[in-house]
Structures are given as structure tokens and as C-alpha cells.
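The primary structure of each chain is shown beneath.
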Amino acid sequence: MTEPASLDAHELLTTTRAVRRRLDLERAVPRELVEECVQIALQAPSGGNRRAYRFVVVDDPEQRERVAAVYRKAFEIYRAGPTVATKAFEGDAERTAVQERVFDSVEHLARNLHRVPALVIPCMAGRAQDKQTVRAQAGFWGSVFPAVWSFQLAARQRGLGTALTTMHLEFEREVADVLAIPHDEYTQVCLLPLAFTTGGGFRPAQREPAEHFLRWNSWT
Ligand SMILES: Cc1cc2nc3c(=O)[nH]c(=O)nc-3n(C[C@H](O)[C@H](O)[C@H](O)COP(=O)(O)O)c2cc1C
């Protein structure tokens, strides 16, 4: 069962979750749907209206396995390391419980990534580390992530689930070699697993009230 085809804008924006456990590993994703999502992503804002990115889509099982092996390696290092999300909220039982659930789902994805029908790797022209000023960095990342999120929203509208992941970038070069991405010219910015979702019922997540994040006219 997939979600109803027509989600209104409010629903789409509040229920597009990181989907890891509920990716349908048995059902192929038609390339036409991926093309539609990319076409919609191109409407997103980009610095200088350049759209200097590319979407590399991996749907060949052997290539998926190679990419997933790199992702798994990065996950094992993350799992053992001090920045693992479950350690971030020590002393806060409620947040820790949430993070442990997220971690289980992150682990599930890492173990099953090779089975996900399509892996989408958006790449941005240039090398991120060459961008030295804040403005240059904002222009770099800010010219691609709006398109990534639009891709994710368009995917959800079509019954497809995604999750924005950055784990494999620890070994970006290895994935570049697998996929023949010109590493000196393009920076991989993330990896989106893409699959039909199993079951519906995605809901808005618990979030803090907006006032906590807002400042009016002055920070203080
Ligand atoms: C910059 C960034 C990096 C992320 N990296 C990963 C990752 O490597 N692996 C993963 O499973 N999820 C990753 N996530 C997904 C977050 O865990 C997810 O957005 C967060 O838990 C909220 O989940 P929800 O949208 O389902 O509420 C990343 C998200 C962002 C924005």
C-alpha cells in the first residue's frame, strides 16, 4: 500500500520523514519517476541560477553493492566513534530514547543499503574545501540542498521514500572511483536511498515550539 497520491502542501512538508525501515526493497523504482523528481528539483533556487549540480542515480545491483560497502564501512567507524548520535544527549533520557530509535534505524539502513532499489547521489560542481569564505560556502551548499530537498518532496508525492545521508562522504573518493564521478570537479553532497514506501501513515514528528527558534529584530 502506498500513500494517497495527492498530499496537500502542508501534509507534504510536515510528513516527509527520513525513511529507512519502510523502504520497499523488492519493488523497482521506474526511471521515469526519478526523472520527474529531478525535473521538479530543478525549480529550486540556486546561486546565480546556475544549477551546477548533477544527480548520479545507481540502480545497477552490482554498483549498488559497491557503494553500499563504502557506506557500511563509514557506518562502522561512526558507530564506534565519539560523535555517534546516541551519545549526544547524555543525561536527557527522553532525547536519548529517541536517538536510540533513530540509531537502530540508521543501522538498519546501513545493513540493507545494497538492497535499496536506487541510490541517488547529488553532486555539486567544484570542490567544497576550496570555498574559503562564509559567503562562498553558503553559495556552494545553498545552491544544491534546496534542490535535494525538492527531490525528496517530489519523491514522497509519488509514494517514494528517501533519507538524506552523508555517512559515505567520509570515503567520498572511493565512491567517486566506483561511479566514475570526476572527483576534482564535483563534490558529492549526500546520498539518498530511494524506494517505494511500505505502508502509509507518515506523521508530523514531535518538534519544539517555533518560538524557541525565533528572534525578532535583535538576538537578545
Ligand atoms: C546533513 C544531514 C546528514 C544526515 N546524515 C544521515 C546519515 O548519514 N545517515 C542517516 O541514516 N540519516 C542521516 N540524516 C537524517 C537525519 O537523521 C534525519 O533527518 C533526522 O533524524 C530527522 O528525521 P525525520 O525527518 O524522520 O524526523 C542526515 C540528515 C541531515 C540533514
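For every chain, the first residue of the written sequence is number 1, and numbering continues from 1 onward in sequence order. Per-residue local features are limited, in this predicted model, to residues with pLDDT of at least 70; the limit for side-chain atom pairs, both in listing and counting, is 80 or more; totals at the level of whole chains, interfaces and linings are taken over all residues. Only hydrogens and water are set aside when side-chain values are computed; all heavy atoms of the structure are taken into account.

Identification of the protein chain as Nitroreductase family protein from Nocardioides humi is taken from an unreviewed UniProt entry.

### Side note on the pairing of strand S5 (residues 192-196)
Look at any regular strand and the pattern is simple: side chains alternate between the two faces of the sheet. Relative accessible area decides the class of each residue, using a 1.4 Å probe on protein chains only: under 20% of the type maximum gives buried, over 50% gives exposed, and in between gives partly exposed. Secondary structure elements follow DSSP: runs of H or I of four or more residues count as helices, runs of E of two or more count as strands, with numbering from the N terminus. The element S5 is extensively covered by neighbouring structure, given that 5 of its 5 residues are classed as buried. On S5, burial covers both faces: Leu-192, Leu-194 and Phe-196 on one face and Pro-193 and Ala-195 on the other are all buried. Pairing between strand S3 (residues 160-161) and S5: 2 bridges, direction antiparallel. Along S5, the bridge assignment pairs Leu-160 with Phe-196. Strands are treated as partners if at least two bridges between them are detected by DSSP.

### What about the site of the ligand?
Neighbouring residues of the ligand: Arg-17, Ala-18, Arg-20, Tyr-71, Val-106, Leu-109, Leu-164, Thr-165, Thr-166, Met-167 and Arg-207. Taking Arg-17, its side chain carries an N or O atom lying 3.0 Å from an oxygen atom of the ligand. We call two N or O atoms a polar contact when they sit within 3.5 Å, provided that within protein one can donate a hydrogen and the other can accept it, with sequence-adjacent residues counted only if both atoms are side-chain atoms. One nitrogen or oxygen atom from the main chain of Thr-166 is found 3.0 Å from an oxygen atom belonging to the ligand. Residues are said to line a cavity or pocket when one of their atoms sits within 4 Å of a point; the points come from a 1 Å grid over protein atoms alone, cavities being sets where a 1.4 Å probe fits but cannot get out and pockets being open sets with protein on both sides within 12 Å along at least five of seven lines. A molecule is counted as occupying a cavity or pocket when more than half of its atoms fall within 2 Å of that pocket's grid points. Judged by the fraction of its atoms near the pocket grid, the ligand is located in the largest pocket. A class-by-class count of the residues in the shell around the ligand yields 6 nonpolar, 2 polar and 3 charged. Note on terminology: near, applied to a residue and a molecule or strand, indicates that one of the residue's heavy atoms is within 4 Å of it. Amino acid classes used here: Ala, Val, Leu, Ile, Met, Phe, Trp, Tyr, Cys and Pro are nonpolar; Asp, Glu, Lys and Arg are charged; the rest, including Gly, are polar.

### Quick notes on unusual backbone geometry
Residue Arg-51 is not a glycine yet carries a positive backbone phi of 45°. Tracing the backbone through its elements, the reader meets Arg-51 in the loop between helix H2 (31-41) and strand S1 (53-58). By relative accessible area, which is 32% here, Arg-51 ends up partly exposed. Backbone geometry places Ala-180, a non-glycine residue, at a positive phi of 60°. Relative to the elements of secondary structure, Ala-180 occurs in the loop between helix H7 (172-179) and strand S4 (186-188). Ala-180 gets classed as exposed once you look at its relative accessible area, which sits at 65%.

### Observations regarding the pattern of salt bridges
Salt bridge, as applied in this entry: a Lys or Arg side-chain nitrogen positioned within 4 Å of an Asp or Glu carboxyl oxygen. One pass over the structure, following the stated rule, counts 11 salt bridges. Among the ionic pairs, Arg-31 bridges to Asp-59, the shortest N-O distance being 2.9 Å. Taken together, the positions of Arg-31 in helix H2 and Asp-59 in the loop between S1 and helix H3 (61-80) put the pair 28 residues apart, joining distant regions of the chain. What makes Asp-59 partly exposed here is its relative accessible area of 26%. Of the charged contacts, one joins Arg-111 and Glu-107 as a salt bridge, the two residues approaching to 3.0 Å between their closest N and O atoms.

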